[in-house]
Amino acid sequence: MVAVASFETKLGLGYRSELALFVERRQDLGFVEILAEDFPQPSHIPAALKRLCRQGLMVIPHSTTLSLGSVQPPNAAQLKHLDALARYFDAPFVSDHIAFVRGGGLETGHLLPVQRNHKMLALLKRNIEHARNGLSVPLVLENIATTFDWSERQNTMTEPEFLRQVLESTDSGLLLDVSNLFANSFNHHFSEDDYLRALPLDRLRYVHVAGGTFKQGLYHDTHCHPLKEESLRVLKKLAALVPIPMVMLERDDNFASDIELSLELDQLRQSCRVPASFAAADARQIEIGLEPIAIAKPDLSALAQEQDALVRALLADCSHLPSSLGLDQERIGQAFKALRRKRIRTIKRAYPDILTIFPEEEKLNQLLERYFDNCPSVSELGPYDDAMKFMKYLKKSGELPAPKLAGALSQALKSFLSK
C-alpha cells in the first residue's frame, strides 16, 4: 500500500437556472457543470453564468446526446456545439456517457445501456475517436444507471471490466457517478467493492453524486430526491482508494432549500476526506488485451436491429419486445412508464408557462400522453423544442386553449406556432 497525502477535493454543483442564486452565494464551490443541451445558442447562456465564469469559476459542459454507443457516429453538429461551449468557457474537458440514446430514427431522451462485448468495444472506440476529432478538449466518459440490462448472450463482460477496457483502449478519463454505481449494484446484484477495485482509478477526473428513490424493488437515480446514505457510502469507499480531485452534486428538479443543498454539499466534502491509500497493485489486477478489434458490417447491422427494437419498445409499444433480445419484459414495461413520466416532467420544466396555459394539470398530462402516442420520439434539440412541438400538435388538432387565454402564450411560442 502506498499512502497518499490528503488534499482538498474541489466541490461542484450541477448548474440549473433555479440554483443560480445559490451558486453565487456558496463561496466554496470550485466548479459547476452545465448540461450542453440546455444552451443550444450562445444567446441562451444566462448573465449569471457568464458572471460566474468571469469570476473564475470552472464551467464543465456535460452532454447527454452524443450517443457514443449507437451504430451511427456522433452527430457533427452536436460535436461542434459541445466544442463551442468548451471554448466559450475555457473548459479543461467535456463529458458524456458510455450509452446510446437513439435508434430506428427515434430519440429517447434517456441514457440506455450498451451491450458489454468486444464488438461494442470496437464500436465505442470508433465513435470516441470520431468525437475526439471534433473536439478541442479531452472527452471524459461516465458510467450510467439502468433498471434493466442485456442478457448474458450480449454481455460477455462485467460492467467494471467493460468500463476499464473502454477507458484504457481509448485513453479516456473517467467521470465516476457513484450513485449510478450504487443503483446498478442494487438493481443487478453485484459488489460495490469489487466494482471499484476493478476500475483504473488513476483515470478519475471527477465524481457525480445524486439523489434517488426506491420503487417497485428497484433503485431509480432520479436527480430530484434527497441524497441517500447509500451513495455517500460508495463515495467514502472511493475516497479510501484514491484521492478524489472533484466531486459534484446533481439536482435537476424538486429543488431543495438552500439549507438542504448546503448540507448535502457539506456531506460530499466530508465523505471525500477519508484518508486515502491507493492500492495500485489491486487496481491493476485485471489483465486485458488492447489489440485492434474490427467490427464487420453484418455485426453492425445486427446490433442496429437490436438497438432499434429496444428503442421502439421503450417509446412506442413495450408489449412487442422481441424475446430474442433476452430482456426482462417486466422491467422494460416499468422503464416505458418511467420514460413517459420523465418526458412530461422535462417538458413542464423547459416551458413552465405551459402550466398557466393548462391550469388543469390532469388534462395537460392526458394531452401529453396522446402527443407521445403520435410523436414517440423526443426532440433531438431538447425539451424546450419538444414543448413547442407539443403546442404545434395541439394547434393542428384544434385543442389549443380558448382565445381568452391567448395572452398567456409567450411571444416565442406565438412565433413558433406561426411557422
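Scroll up to find the structure this text is about.
Calculation notes
- Residues numbered from 1 in each chain as written.
- Predicted model: local features only at pLDDT ≥ 70, side-chain atom pairs only at ≥ 80, totals over all residues.
- Heavy atoms only, no water.
- Helix = DSSP H or I, 4+ residues; strand = E, 2+ residues; numbered from the N terminus.
- Buried < 20%, exposed > 50% of the residue type's maximum accessible area, 1.4 Å probe, protein only.
- Contact = heavy atoms within 4.5 Å.
- Areas by Shrake-Rupley, 256 points an atom, 1.4 Å probe, with all protein chains shown as cover.
- Expected span 1.5 Å × (residues − 1).
- Salt bridge = Lys/Arg side-chain N within 4 Å of Asp/Glu carboxyl O.
- Core = buried A, V, L, I, M, F, W, Y, C linked by side-chain atoms within 4.5 Å.

Student: Please clarify how the overall build of the chain should be interpreted in this entry.
Tutor: Of the regular secondary structure elements, the chain holds 16 helices and twelve strands. Burial analysis of the chain (419 residues in total) assigns 53% to the buried set. In the chain, 77% of the contacts between residues at least 6 apart in sequence involve partners at least 24 apart. Carbon together with sulfur atoms contributes 54% to the accessible area of the chain, which is approximately 18,800 Å² in total.

Student: Would you mind showing me how to read helix α9 (residues 258-271) here?
Tutor: The α-helix advances 3.6 residues per turn, and as a result positions three or four apart in sequence lie on the same side. Given a rise of 1.5 Å per residue, 14 residues ought to cover 20 Å, and the 20 Å separating the end C-alpha atoms of α9 matches this to within 8%. For α9, the full list of buried residues reads Leu261, Glu264, Leu265, Leu268, Arg269 and Ser271. Of the surrounding elements, those touching the buried residues of α9 are β1 (10-14), α1 (20-25), β2 (29-35), β9 (204-210), α8 (229-241) and β12 (246-250).

Student: Can you help me understand helix α15 (residues 383-396) in this one?
Tutor: A rise of 1.5 Å per residue sets the reference length of α15, with its 14 residues, at 20 Å; its end C-alpha atoms lie 20 Å apart and thus fit the reference within 8%. Where α15 is concerned, the buried positions are Asp385, Asp386, Ala387, Met388, Phe390, Met391, Tyr393 and Leu394. Positioned one or two residues after α15, Gly398 has a phi angle of 75°, which is positive.

Student: I would appreciate a short explanation of the pattern of salt bridges in the present structure.
Tutor: For side chains bearing opposite charge, pairing can occur when the charged atoms are close. Within this structure, the stated rule accounts for 26 salt bridges. Two residues, Glu24 and Arg51, come together in a salt bridge whose shortest N-O distance is 2.8 Å. In this pair, Glu24 sits in helix α1 while Arg51 sits in helix α2 (residues 47-54), placing the two residues 27 residues apart along the sequence. Residue class for Glu24 comes out partly exposed when judged on its relative accessible area of 27%. Linking Arg25 and Asp258 is a salt bridge whose minimum nitrogen-to-oxygen distance equals 3.6 Å. Of this pair, Arg25 sits in helix α1 while Asp258 is found in helix α9, placing the two residues 233 residues apart along the sequence. Of the residues examined, Arg25 reaches a relative accessible area of 54% and is grouped as exposed.

Student: Looking at this structure, I do not really get the nonpolar core. What am I missing?
Tutor: Note that soluble globular proteins tend to have their nonpolar side chains buried in a common cluster. Of all hydrophobic cores here, the largest spans 96 residues; its most connected members are Leu176 and Leu238. Among the elements that line this core, the one with the most residues is helix α11 (residues 297-315), at eight residues. Contact partners of Leu176, with chain neighbours within four places excluded, come to Asn143, Leu181, Tyr195, Leu196, Leu199, Leu204, Tyr206, Val207, His208 and Leu238. Residues Tyr351, Leu364, Tyr371 and Tyr393 belong to the second largest nonpolar core, which totals 17 residues.

Student: Explanation requested: the environment of Gln334 in the structure shown.
Tutor: Note on placement: Gln334 falls in helix α12 (residues 329-350). The exposure class assigned to Gln334 is buried, which follows from its relative accessible area of 15%. Residues Gln334 and Cys318, 16 residues apart in the sequence, show an inter-C-alpha distance of 9.2 Å. When sequence neighbours within four positions are dropped, the list of residues in contact with Gln334 reads Gln216 and Leu218.

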